[in-house]
Amino acid sequence: MPTAAAPIISSVQKLVLYETRARYFLVGSNHAETKYRVLKIDRTEPKDLVIIDDRHVYTQQEVRELLGRLDLGNRTKMGQKGSSGLFRAVSAFGVVGFVRFLEGYYIVLITKQRKMADIGGHAIYKIEDTNMIYIPNDSVRISHPDEARYLRIFQNVDLSSNFYFSYSYDLSHSLQYNLTILRMPLEMLKSETTQARQESFDIFEDEGLITQGGSVDQADPFAHVAALHFDQMLQRFGSPIIILNLVKEREKRKHERILSEELVAAVTYLNQFLPPEHTIVYIPWDMAKYTKSKLCNVLDRLNVIAESVVKKTGFFVNRPDSYCSILRPDEKWNELGGCVIPTGRLQTGILRTNCVDCLDRTNTAQFMVGKCALAYQLYSLGLIDKPNLQFDTDAVRLFEELYEDHGDTLSLQYGGSQLVHRVKTYRKIAPWTQHSKDIMQTLSRYYSNAFSDADRQDSINLFLGVFHPTEGKPHLWELPTDFYLHHKNTMRLLPARRSYTYWWTPEVIKHLPLPYDEVICAANLKKLIVKKFHRYEEEIDIHNEFFRPYELSSFDDTFCLAMTSSARYVVSTLRLDFMPKTVGIDPSPFTVRKPDETGKSVLGNKSNREEAVLQRKTAASAPPPPSEEAVSSSSEDDSGTDREDEGSVSQRSTPVKMTDTGDSTKATENLVQPMKEVYGINLSDGLSEEDFSIYSRFVQLGQNQHKQDKSSQQLCSRCSDGVIKLMPISAFSQDNIYEVQPPRVDRKSTEIFQAHIQASYGIMQPLGREDTSMYREYIRNRYL
């Protein structure tokens, strides 16, 4: 069986920048500080970047000796002890890159980081602070008057907010792609071996990420640009590609509808050449029109679309189906699409959601699709009985906050304000105070788009390297438009144009519905390089890198993400110390709670507790959505008049009250339960003989769990006759929950067990005469 690749976990994670007049020395080490690399940066070149890497892996002692020699060699006078020739400039955790405007180069270092998550032993960090250091020294610096302005524009992109990185995990690809690469056999990959395995400890890796933007052009009747976009999507995600268009369908003056018409024309043209089983699915839905209607429920319609999308694409599972799926079969699970493989499931296809600015409506639509996919994922793990999740549960509430934070981040980067319309807005349960906030967010977005959008776009173009400042050419702020920055070949025809009919890449269409990037073929194998390690090398030791036994750690640092639940312990809030804290509380994250009480679940009497158990079992058993036929690919059903039945309002988007809210007296009466129901006896009255006997039996059971000395045994013998006596009858000499003496095994049984173990490794024992005769007798009786 071919072996699979193991990910490189340990790499350069700590950096120290040392400074001399002629050079910068960037010393990097792994987290355990057992291996070091040194990068030399020349400071005597005014505009060129000269980097020297000796490709040698140093030990801690060797690095100290090297720094000591550099310190002595760069002092102004030989033997001088008062001054140092090597200065420690800054400590860092990573290098963002090198950038140059009109003068010399800058180095951008990550000076602060915060751990956010772990993916299979790979740590994911968030950048908290950065530092830009000018490389050339002052003696060779050539000043330019516009250098400070370019530097200010570049720094408008705040790297300390919402930028993430990892030392060992590829964040530019999906989890399915990364794990698919690890499953490729090593014999098929290009291997790279070195004498001392020094190249496996690189500080930098050159990795090119080629992107092709997709757009709709009115002057492109053959949808050439859209063909490039969808060809790349087929290569990365496979088929089907599902387009959910949320822009307005009917307007007095065409604004958003112009985009829809061009998108429909492009998709229609491209679909006529694709095979029928791999055509692009187009779903238009005027979300703004549905929102204005009082009878229509936006999230119900989105839930129908989400169910149909997840059924077609499936989702990624890194293990075979659980046995609980066989015990609790579900029709929706059997109808799930994707590709089933021996090691799990693969997602084939993608949902492409768009509106005008791709912020408010797009975020809500993607939340509903993510909520539907989360239900299937929880069902595959065996956590819920049905692949459905209801609103007003702890799990969905946390998931909703996650998507709102995600939408706010994108909205601030793109529009200059937070989200205007949130999930609660489309559920129509947002408080009245939210309307004033929405107005302020709308005004903030309008101001940002009108006055600061150009500056933000200039910063992005400079940060991504779309614009390169050059002496003698117009500056970035002098350009009337950035169209020619993104389309540099507009004045000439491309040397090789694609076919107008066969617009896809031939290799991509052959492997559909699987994405071509994840297929084991010669073209993909050439992109990968395997570096050979010993199985005990620390570069691939996930245990030491994750748990880090070489350093002192605490639970606060290990569990850095404290996820809070909206379920509050009502008993502890009212300070009823004589009651157990778990009485009347259902801590399940899939239980529907009252949204007006911040997730409190007051379950006092017996009927309410039974109702809570029933809700936990059926938290995901909402009414099934309509069939996929209800999701039409035309706009006739959704662009007409709003005629919806009043009874079509779904329970999933309606606040569900578990108990009737009354005054505080009734709530307290329901909360404080009788002692007889809680403890089984009434402590306020005198104890009867029967209650005392029950208590004595309970104490006796607790005492018999441990070893008893003679005094305790004599004390127990004086107990009343009604108390049962338990005597240990085990044959073990030492019998408790902590230590058990195993029984003796004879020699023949030991030999049989050892032969069984060797058989599992392929080492078979020779058959004896008795075994041969027994086998012959079995064959004669069985078949003759």
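**Description of the overall build of the chain**
A count of helical and extended segments in the chain gives 26 helices and 16 strands. Residues classed as buried in the chain amount to 37% of the 784 residues present. A sequence separation of at least 24 residues applies to 70% of the contacts in the chain between residues at least 6 apart.

**Description of helix H26 (residues 769-783)**
Residues lying three or four places apart along an α-helix face the same way, a consequence of the helix completing one turn every 3.6 residues. Taking 1.5 Å of rise per residue, 15 residues should cover 21 Å, and H26 covers 21 Å from first to last C-alpha, within 8% of that figure. Among the 15 residues in H26, zero count as buried, and that is only a small part of the element.

**Digging into the packing of helix H10 (residues 360-380) against helix H11 (residues 394-414)**
One way to put it is that H10 packs onto H11 with a least axis distance of 10 Å and a crossing angle of 145°. Considering the relative orientation of H10 and H11, their crossing is right-handed. Where H10 abuts H11, its residues Asn-363, Gln-366, Phe-367, Gly-370, Lys-371 and Leu-374 lie against Val-396, Phe-399, Glu-400, Tyr-403, Glu-404, His-406 and Gly-407. Looking at the contact of H10 with H11, its residues break down into five nonpolar, five polar and three charged.

**Remarks on the nonpolar core**
The biggest cluster of nonpolar side chains holds 43 residues, and the ones touching the most others in it are Leu-302, Phe-367 and Leu-389. Broken down by secondary-structure element, the contributors of at least two residues to this core are strand E11 (241-245), strand E12 (281-284), helix H6 (287-292), helix H7 (298-313), H10, H11 and helix H12 (423-427). For this core, the leading source of residues is H10, giving 11 residues. Of all hydrophobic cores here, the second largest spans 25 residues; its members include Ala-227, Ile-243, Ile-280 and Cys-521.

**Observations regarding the sheet that holds strand E5 (residues 87-92)**
Read from one edge to the other, the open sheet built from five strands follows the order E4-E3-E2-E1-E5, with strand pairing classed as antiparallel. One side of each edge strand has no neighbouring strand; the edge strands of this open sheet are strand E4 (51-53) and E5. Looking at each pair of strands side by side, their axes are set apart by 20° on average, direction ignored. Pairing analysis gives seven bridges linking strand E2 (residues 23-29) to strand E3 (residues 36-42), with the strands arranged antiparallel. In the strand pairing of E3, Phe-25 is matched with Lys-40.

**Thoughts on helix H4 (residues 224-237)**
Between its terminal C-alpha atoms H4 stretches 20 Å, which fits the 20 Å expected from 14 residues at 1.5 Å a residue. Judged by how many residues are buried, H4 sits mostly within the fold: 10 of 14 residues are covered. Regarding H4, the residues found buried are His-224, Ala-226, Ala-227, Leu-228, His-229, Phe-230, Asp-231, Gln-232, Met-233 and Leu-234. Buried residues in H4 make contact with E11, helix H5 (256-271), strand E15 (350-354) and helix H15 (506-510). Two residues or fewer past H4, Gly-238 is found with a positive phi of approximately 85°.

**What to know about the sheet that holds E11**
The three strands are arranged E12-E11-E15 in an open sheet whose pairing can be described as parallel. Both outer strands of the open sheet, E12 and E15, are each paired with one neighbouring strand and no more. For this sheet the average axis-to-axis angle between neighbouring strands, irrespective of direction, equals 15°. With four bridges joining them, E11 and E12 adopt parallel strand pairing. In the strand pairing of E12, Ile-243 is matched with Tyr-282. Across the sheet, H4 is in contact with E11 and E15; its angle to E15 comes to roughly 140°. In the packing of H7 onto the sheet, the strands contacted are E11, E12 and E15, and the crossing angle to E11 comes to about 165°.

**A short note on the environment of Met-287**
By the secondary structure assignment, Met-287 is in helix H6. On a C-alpha basis, the gap between Met-287 and Leu-246 in space is 5.6 Å, while along the polypeptide they are 41 residues apart.

**Focus: the packing of H7 against H10**
Viewed as axis vectors pointing N to C, H7 and H10 meet at an angle of 55°, and their least axial separation amounts to 9 Å. In terms of orientation, H7 and H10 fall into the oblique class. For H7 against H10, the interelement crossing comes out right-handed. Residue-level contacts link Leu-299, Leu-302, Asn-303, Ala-306, Glu-307, Val-310 and Lys-311 of H7 to Thr-364, Ala-365, Met-368, Val-369, Lys-371, Cys-372, Ala-373 and Tyr-376 of H10.

**What to know about a nonpolar patch on the surface**
A contiguous nonpolar patch, built from Phe-692, Tyr-695, Phe-698 and Val-699 and spanning about 460 Å² of accessible area, is present on the exposed surface. Note that Val-699 resides in helix H23 (residues 689-703).

**Focus: the side chain of His-144**
Examined against the element boundaries, His-144 turns out to sit in the loop between strand E8 (122-134) and helix H2 (147-154). A polar contact of 3.0 Å, which involves the side chain of His-144, links it to the side chain of Glu-471. Beyond its immediate sequence surroundings of up to four residues, His-144 is in contact with Leu-102, Glu-103 and Glu-471.

**Focus: the packing of aromatic side chains**
Summed over the entire model, instances satisfying the criterion amount to 25 aromatic pairs. When the ring of Phe-154 is compared with that of Phe-463, the centres are 5.5 Å apart and the planes differ by 35°; the resulting orientation is tilted. In this pair, Phe-154 is assigned in helix H2 and Phe-463 in helix H13 (residues 433-463), connecting sequence segments 309 residues apart. Considering the side-chain rings of Phe-367 and Phe-391, the 6.3 Å spacing of their centres and the 45° angle between planes classify their relative orientation as tilted. With Phe-367 in helix H10 and Phe-391 in the loop between H10 and H11, this pair connects stretches of sequence that are 24 residues apart. An identical accessibility class is assigned to Phe-367 and Phe-391; each is buried.

**Observations concerning unusual backbone geometry**
Geometrically, the link from Ser-239 to Pro-240 is a cis peptide bond, its omega value of 10° lying close to zero. Residues Leu-512 and Pro-513 are joined by a peptide bond in cis, for which omega reads 10°. Along the chain, Pro-513 turns up in the loop between H15 and helix H16 (522-525). Of note, the phi angle at Asn-162 is positive, near 65°, even though the residue is not glycine. Turning to its location among the elements, Asn-162 is positioned in the loop between H2 and strand E9 (164-165).

**Some details on the pairing of strand E7 (residues 105-119)**
Relative to E7, strand E6 (residues 94-100) is paired through six bridges, and the arrangement is antiparallel. From the neighbouring strand, Val-95 faces E7, where its bridge partner is Leu-109. Note that E7 and E8 share 12 bridges and pair antiparallel. Paired with Leu-109 across the bridge in E8 is Asn-131. Hairpin connection from E7 to E8: two residues lie between these consecutive antiparallel strands, with Gly-120 at a positive phi of about 60°.

Reading guide: rules and limits
- Residues numbered from 1 in each chain as written.
- Predicted model: local features only at pLDDT ≥ 70, side-chain atom pairs only at ≥ 80, totals over all residues.
- Heavy atoms only, no water.
- Helix = DSSP H or I, 4+ residues; strand = E, 2+ residues; numbered from the N terminus.
- Buried < 20%, exposed > 50% of the residue type's maximum accessible area, 1.4 Å probe, protein only.
- Contact = heavy atoms within 4.5 Å.
- Expected span 1.5 Å × (residues − 1).
- Axes fitted to C-alpha atoms, helices over the stretch in contact; angles between N-to-C directions.
- Left-handed = near helix turned anticlockwise from the far one by under 90°.
- Nonpolar A, V, L, I, M, F, W, Y, C, P; charged D, E, K, R; others polar.
- Core = buried A, V, L, I, M, F, W, Y, C linked by side-chain atoms within 4.5 Å.
- Pairing = 2+ DSSP bridges.
- Parallel < 35°, antiparallel > 145°, perpendicular 65-115°, else oblique.
- Patch = residues over 30% accessible without salt bridge, like charges linked within 9 Å, V, L, I, M, F, W, Y side chains within 5 Å.
- Areas by Shrake-Rupley, 256 points an atom, 1.4 Å probe, with all protein chains shown as cover.
- Salt bridge = Lys/Arg side-chain N within 4 Å of Asp/Glu carboxyl O.
- Polar contact = N/O pair within 3.5 Å; in protein donor to acceptor, adjacent residues only side chain to side chain.
- Phe/Tyr/Trp six-rings, centres within 6.5 Å; stacked < 30°, edge-to-face > 60°.

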